[in-house]
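A structural walkthrough
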Amino acid sequence: ETGVTQTPRHLVMGMTNKKSLKCEQHLGHNAMYWYKQSAKKPLELMFVYSLEERVENNSVPSRFSPECPNSSHLFLHLHTLQPEDSALYLCASSQDWGFSTGELFFGEGSRLTVL
Amino acid sequence: KQEVTQIPAALSVPEGENLVLNCSFTDSAIYNLQWFRQDPGKGLTSLLLIQSSQREQTSGRLNASLDKSSGRSTLYIAASQPGDSATYLCALMNSGYSTLTFGKGTMLLVSP
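What you are looking at is a predicted structure, and each value in this text was computed from that prediction instead of being measured.

Considering the sheet that holds strand 8 (residues 73–79) of chain A
All names here are of chain A.
- The four strands are arranged 1-3-8-7 in an open sheet whose pairing can be described as antiparallel. Each end of this open sheet is capped by a strand with a single partner; those strands are strand 1 (4–7) and strand 7 (64–70). Within this sheet the neighbouring strands show an average axis-to-axis angle of 20 degrees, counted without direction.
- The pairing of strand 3 (residues 18–25) with strand 8 spans seven bridges and is classified as antiparallel. Paired with Ser 20 across the strands is His 77, a residue of strand 8.

Given below as structure tokens:
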């Protein structure tokens, strides 16, 4: 496989469930990102990992918990979500983070619905 | 705080037309600007990346320009086709911020 792969593509969960989103990049990049895309709003950056260390946490509620076990994989653990958290969650990667970030490559997204 | 505006929000054209999508930004201290395409329910596909030192980039029927002094970028699509129908987003990286700020996008519909 090439590029950035996200699973699952669709997820429906109740407010008391615990689930995880997975992202894998096959580009040899050092930086990975989670973005949230809600209807009628610009993409919102949630987290940035560079070389497996979290370098950005954009005031995201603690019910979203990221994990980056290695430079190729990124997870977003979800628990006790609210209906307003329903959105398309996009993973992205870039060669590096910082001034040499360069081009951003996105996955297909995980469509989350919270009932 | 950087603000990115894309006009128009939606655009409908017949096949074959040349068209221009606009992106404006409030802080000209940018590092680069990137145009993306997003099909419904899908992820973003990078179209063009313009570094701050560049004025334009071209890829096939697409041409993107950057004018930092006026805070504007345009995406020119030549000879539009129905397959160009999608939402087009611009995103830019501010010098010193290291993250992208996105516009809300322009939804393009090209009719056969």
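What follows continues from the structure just given.
A short note on the sheet that holds strand 3 (residues 19–25) of chain B
All names here are of chain B.
- The five strands lie next to each other as 1-3-8-7-6, forming an open sheet whose pairing is antiparallel. Only two strands of the sheet have a single partner each, and these edge strands are strand 1 (4–7) and strand 6 (56–59). Taking the axes of each pair of neighbouring strands and ignoring which way they run, one obtains an average angle of 15 degrees across the sheet.
- Here strand 1 runs beside strand 3; their pairing, made up of four bridges, is antiparallel. Looking across to strand 3, one finds that Val 4 is bridged to Phe 25.

A closer look at the pattern of salt bridges
- Evaluated as defined, the whole model comprises four salt bridges over all chains.
- Residue Asp 85 of chain A is joined to Arg 63 of chain A by a salt bridge in which the shortest nitrogen-to-oxygen separation is 2.7 Å. Of this pair, Asp 85 of chain A sits in the loop between strand 8 and strand 9 (87–94) while Arg 63 of chain A is found in the loop between strand 6 (53–57) and strand 7, placing the two residues 22 residues apart along the sequence.
- Of the charged contacts, one joins Arg 61 of chain B and Asp 84 of chain B as a salt bridge, the two residues approaching to 2.8 Å between their closest N and O atoms. On the criterion of sequence distance, the pair formed by Arg 61 of chain B in the loop between strand 6 and strand 7 (62–67) and Asp 84 of chain B in the loop between strand 8 (72–77) and strand 9 (86–94) is long-range, its members being 23 residues apart.
- Judged by its relative accessible area of 30%, Arg 61 of chain B falls in the partly exposed class.

Procedures and definitions
- Residues numbered from 1 in each chain as written.
- Chains lettered and ligands numbered in written order.
- Predicted model: local features only at pLDDT ≥ 70, side-chain atom pairs only at ≥ 80, totals over all residues.
- Heavy atoms only, no water.
- Pairing = 2+ DSSP bridges.
- Helix = DSSP H or I, 4+ residues; strand = E, 2+ residues; numbered from the N terminus.
- Axes fitted to C-alpha atoms, helices over the stretch in contact; angles between N-to-C directions.
- Salt bridge = Lys/Arg side-chain N within 4 Å of Asp/Glu carboxyl O.
- Buried < 20%, exposed > 50% of the residue type's maximum accessible area, 1.4 Å probe, protein only.

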